[in-house]
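So the chains spell out like this:
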Amino acid sequence: MAQIELCNITKKYKKNTALDDISITIKDNEFFVLFGPAGAGKTTLLKIIAGAEFPQEGLVKIDGKIVNHMESKDRNISMVFENYALYPNLTVYDNIASPMRSRLYRKDENDIKTAVNKVTELMKINHLLERKPSQLSNGQRQRVALGRCLVRNPSVFLMDEPLAHLDAKLRHMMRGELKEMQTSINSTTIYVTHDYTEAMSLADRIAVLNKGKIVQLGTAQEMYFTPRNEFVACLFGEPEINIIEAQIYHESEKVYCKAFNQDVFLYPGTDVGKILTGEERSRVDMGIRGTDIEIAFERPGDDWLEGCVYANEPIGNKVIMTLTAAGNKIAITCPNDTKADLDATVYFKINMDKVLFFDSETKEFITRSDMKKYKKGEETDT
Amino acid sequence: MEKKKNNKKIYMALGAVGRNLGLTLFGLFALFPLVWMVLCAFKSDAQMYNTVFRFTPTLDNFYAVLVRTDYFKAFFQNLVVAGGAVIITVIAGVPCAYALARYDFKKKEDVAFQILSFKFAPEIMVILPIFLIFQKIGLYDSYFGLIWVYQLITMPLLIWVVRGYFEDISVEVEQAAQLDGYAWYEVFLKTLLPLIKPGLVASGLLAFIFAWNSFTFPLILSGFKIQTITITALRYISSDTVHYGQVAVASTIAVLPEVIVALFIQKHLVRGLSFGAVKG
């Protein structure tokens, strides 16, 4: 139970800047997810909080106390490392028991046994207790590392991609367990991942990191429905959001867009129209999720666009169809019984109420329809 | 088909026989000097130059060496010098290896290579200045002086082997141990030491052998007070004749501690010097 404040953290490795002026406050009992592509500085940030790395500039505060010069053993933090960092010479049991055998967090052997048994049962590794880490698979090692982290009751949990090497089914289950644990033991958790489903399902708040900077900080809903720029929009959602360049035309009071060199008028919602009219722009990037496009094999109306089937991937409960139109590729989520021949002509319609508008130069978010609904939570959060 | 199978079996049997034969021959070749030395120890001076293996065994040589000279004193002093040298090497070399493996400082590789290069230089090259310096500062013919100068031959190998072991241990393991609540020395003793043990034991043994066998340094840098076994063995070469039998006795006994230690830690020796044994 602790609040963590990072003030203007800058970390450089020789000439490379790993973290650039990061300031975040992570609230007590919050499940906070750091999300971003590889090399964004997520792990470095975790290690700075853990005290395994030291920033060149900035302050790290835990519960209001500056801990820059506190050794990591005194910070009462437990961490899952991305490469597991198990002790190769100890058995699984001893690995997990290790935090409870140190002078600082000492417990007697009976308590250790109960605690280890509890956590290994949860992780489904209780049949492996006598093995050495070298005799385990990667998924099993990861669960041991997670077990070693969870066996203690620290003020902060740091987890660096703790589920990355588990198989899909187990990952799903563990995700549920973590969420459940979070609510039951009340502790601050900082969780690093590059899987957006994990980020969205677990997080109270998410920070998107890119190249050592925070791009956006907010709830999963905000990330998904009102991303700050195209980069964030592309990180969340599968298939990736379609970014389509469109031309804007002003016609008396109304605004419409055209895309794909096709003569189809796309009318954005009136609230969006107002904003677009207010600014003198002729081009805009439209971000459209695959689920917000309808598809038909014969043109049902004038507001339908035309495309050509490029790929068709059935993935169980849905079909991802990729179309090409005027050199753009568009991924569309279709019902699972959709079948289409390659290179066939199909028609699609964009749900203009769900489109995200981005500036085509700066790639920053402009607006979307019904902004009020999505920005509701903002005042309380900031 | 059946015939082919039979042929294969025969070849395999022949291969095994050949392999063992080869190894036996090599064993004989490698062990012959040792055997010859032991045989010489039991020969009298009169029969020394017989090339056939027929002689009347005698213990005269043992009597001459062990009772009539202060061989045991030399043996003990050799033990002190070599043991002391190894202890200092381990105490100073392990932190040095850790620093070379973990920390990033300027000219790190140059420093590491410089340390290794002590091993390339022939001892005779540096012995004269060391002799003069030792005379001046009073380290000539002292335990401390010899132990100190032995670092030149014992330290480089240990540093390089142990450094390789440290490099194989990921930093995160240390960080994990710290987060588990261990102080730096506990991290070292409980986490790192077990992982570098094979390398430490193997290179420690080699360091001991180097120090035990050293000849040039004690020859020049020690006088009457301290005599190592290697120097004592020279004494049996007198002006009129060479007592090969006595030299052989002195050498045979000198070899014993090395053989015994090596046998005890044999299993570490092979594993320890092949790097990367700690991959978890």
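Definitions and limits used
Residues numbered from 1 in each chain as written. Chains lettered and ligands numbered in written order. Predicted model: local features only at pLDDT ≥ 70, side-chain atom pairs only at ≥ 80, totals over all residues. Pairing = 2+ DSSP bridges. Helix = DSSP H or I, 4+ residues; strand = E, 2+ residues; numbered from the N terminus. Axes fitted to C-alpha atoms, helices over the stretch in contact; angles between N-to-C directions. Contact = placed C-beta atoms within 7 Å. Core = buried A, V, L, I, M, F, W, Y, C linked by C-beta atoms within 7 Å. Buried ≥ 20, exposed ≤ 12 C-beta atoms within 10 Å, placed from the backbone. Nonpolar A, V, L, I, M, F, W, Y, C, P; charged D, E, K, R; others polar. pLDDT = per-residue confidence, 0-100. Domains from an automatic or database assignment. Parallel < 35°, antiparallel > 145°, perpendicular 65-115°, else oblique. Left-handed = near helix turned anticlockwise from the far one by under 90°. Expected span 1.5 Å × (residues − 1). Arc of directions from axis to C-beta.

As a further point, take the sheet that holds strand E10 (residues 213–218) of chain A. Hydrogen bonds between backbone atoms are what pair the strands of a sheet, whose relative direction is either parallel or antiparallel. Residues and elements named next belong to chain A. Read across the open sheet, the six strands follow the order E6-E7-E8-E3-E9-E10; overall the sheet is mixed. With one partner strand each, in any of the chains shown, strand E6 (77–80) and E10 form the two edges of the open sheet. Taking each pair of neighbouring strands and ignoring which way they run, the sheet shows an average axis angle of 15°. The sheet strands contacting helix H4 (residues 138–150) are E6 and strand E7 (156–160), and the helix crosses E6 at an angle near 170°.

Residues and elements named next belong to chain A. With antiparallel pairing, four strands are arranged side by side in an open sheet as E2-E1-E4-E5. A strand with exactly one partner marks an edge of an open sheet, and here the two such strands are strand E2 (16–26) and strand E5 (65–66). Both strand E1 (residues 4–13) and strand E4 (residues 57–62) contribute to a ladder of five bridges, which runs antiparallel. Note that in E4 the partner of Cys7 across the bridge is Leu59.

Looking now at the nonpolar core. With 143 residues, the main nonpolar core has A:Leu158, B:Val162 and B:Ala211 as its most contacted residues. The biggest single contributor to this core is helix H6 (residues 143–168) of chain B, with 13 residues. Beyond its immediate stretch of four places on either side in the chain, B:Val162 contacts B:Gly93, B:Val94, B:Ala97, B:Ile196, B:Gly199, B:Leu200 and B:Ser203. In terms of nonpolar packing, the next biggest core, distinct from the first, is built from 13 residues, B:Ala41, B:Ile229, B:Val247 and B:Ala248 among them.

Okay, the interface of chain B and chain A next. Between chain B and chain A, the contact holds 16 residues from the first and 23 residues from the second. Secondary structure elements with two or more residues in the side of chain B that touches chain A: helix H7 (171–179) and helix H8 (184–213) of chain B. Among the elements that take part in the side of chain B that touches chain A, H7(B) stands out by supplying six residues, more than any other. Classifying every residue of the side of chain B that touches chain A by side-chain character gives eight nonpolar, six polar and two charged.

So, about the confidence of the model for chain A. Residues and elements named next belong to chain A. When pLDDT is averaged across chain A, the result is 88; 98% of the residues are at 70 or more. Taken element by element, the predicted model of chain A shows its lowest mean pLDDT in helix H11 (residues 378–381) (44) and its highest in helix H2 (residues 92–97) (94). Confidence drops under pLDDT 50 across residues 378–382; counting only partners more than four residues distant or on other chains, this segment forms two contacts.

Turning to the domain arrangement of chain A, a few remarks are in order. Residue and element names in this part refer to chain A. For chain A, the domain assignment lists domain 1 (4–234) and domain 2 (239–381). Counting residues at the interface gives twelve residues for domain 1 and 15 residues for domain 2. Contributing elements (two or more residues each) for the side of domain 1 that touches domain 2: helix H7 (220–225) and helix H8 (230–235). Residues of the side of domain 1 that touches domain 2, tallied by class, amount to four nonpolar, five polar and three charged.

This part takes up the packing of helix H3 (residues 71–102) of chain B against H8(B). All names here are of chain B. Between H3 and H8, the shortest axis-to-axis distance is 9 Å and the interhelical angle comes to 140°. Judged on the interaxial angle alone, H8 and H3 are oblique. You can see that H3 and H8 cross each other, and the crossing is right-handed. In contact with Asn78, Val81, Ala82, Ala85, Val86, Thr89 and Val90 of H3, H8 contributes Gly204, Ala207, Phe208, Ala211 and Trp212.

Quick look at the domain arrangement of chain B now. All names here are of chain B. Splitting chain B by domain gives domain 1 (2–41) and domain 2 (61–273). Computed from C-alpha atoms alone, the centre-to-centre distance between domain 1 and domain 2 is 35 Å. If you look at the interface, domain 1 gives four residues, while domain 2 gives seven residues.

What follows covers helix H3 (residues 109–123) of chain A. Residue and element names in this part refer to chain A. When the terminal C-alpha atoms of H3 are compared, their 21 Å separation across 15 residues agrees well with the 21 Å that a helix rising 1.5 Å per residue should span. Turning to H3, its buried residues number three or more, namely Ile112, Ala115, Val116, Val119, Thr120 and Met123. For H3, the arc enclosing every buried residue in end-on projection is 125°, short of the 170-degree limit, so these residues lie on one face. More than 90 degrees from the buried face of H3, the exposed residues found are Asn110, Asp111, Thr114 and Glu121. Residues of H3 that are buried make contact with H2 and H4. The first or second residue beyond H3 is Lys124, which carries a positive phi of 55°.

Since the α-helix packs 3.6 residues into each turn, any two residues three or four apart lie on the same face. All names here are of chain A. Counting buried residues along helix H1 (residues 42–50), nine of its nine residues qualify, which places the element largely inside the surrounding structure. Within H1, burial applies to Lys42, Thr43, Thr44, Leu45, Leu46, Lys47, Ile48, Ile49 and Ala50. One or two steps after H1, the chain reaches Gly51, where phi turns positive at roughly 90°.

Okay, the packing of H3(B) against H6(B) next. Working note: a packed helix pair is described by the angle between its axes plus the distance between those axes. All names here are of chain B. Between H3 and H6, whose axes approach to 6 Å, the crossing angle comes to 40°. Considering their axes alone, H3 and H6 lie oblique with respect to each other. The handedness of the crossing between H3 and H6 is right-handed. Here the residues of the contact of H3 with H6 are counted per class, giving 20 nonpolar, five polar and three charged.

Considering the arrangement of structural elements, one finds B:Phe210 in helix H8. Sequence-distant contacts of B:Phe210, that is, excluding residues within four places in its chain, are made with B:Ile153 and B:Thr154.

Further remarks concern unusual backbone geometry. Excluding glycine, a negative phi dihedral is what most residues carry, and trans is how most peptide bonds are arranged. All names here are of chain A. Residue Pro239 follows Glu238 across a cis peptide bond; omega there is 0°. Within the secondary structure, Pro239 sits in the loop between H8 and strand E11 (242–251). The phi dihedral of Asn8 falls on the positive side, at around 50°, and the residue is not glycine. Take Asn8: it is sitting in strand E1. For Asn8, a count of 12 C-beta atoms within 10 Å translates into the label exposed. Phi at Lys211 takes a positive value of approximately 50°, unusual for a residue other than glycine.

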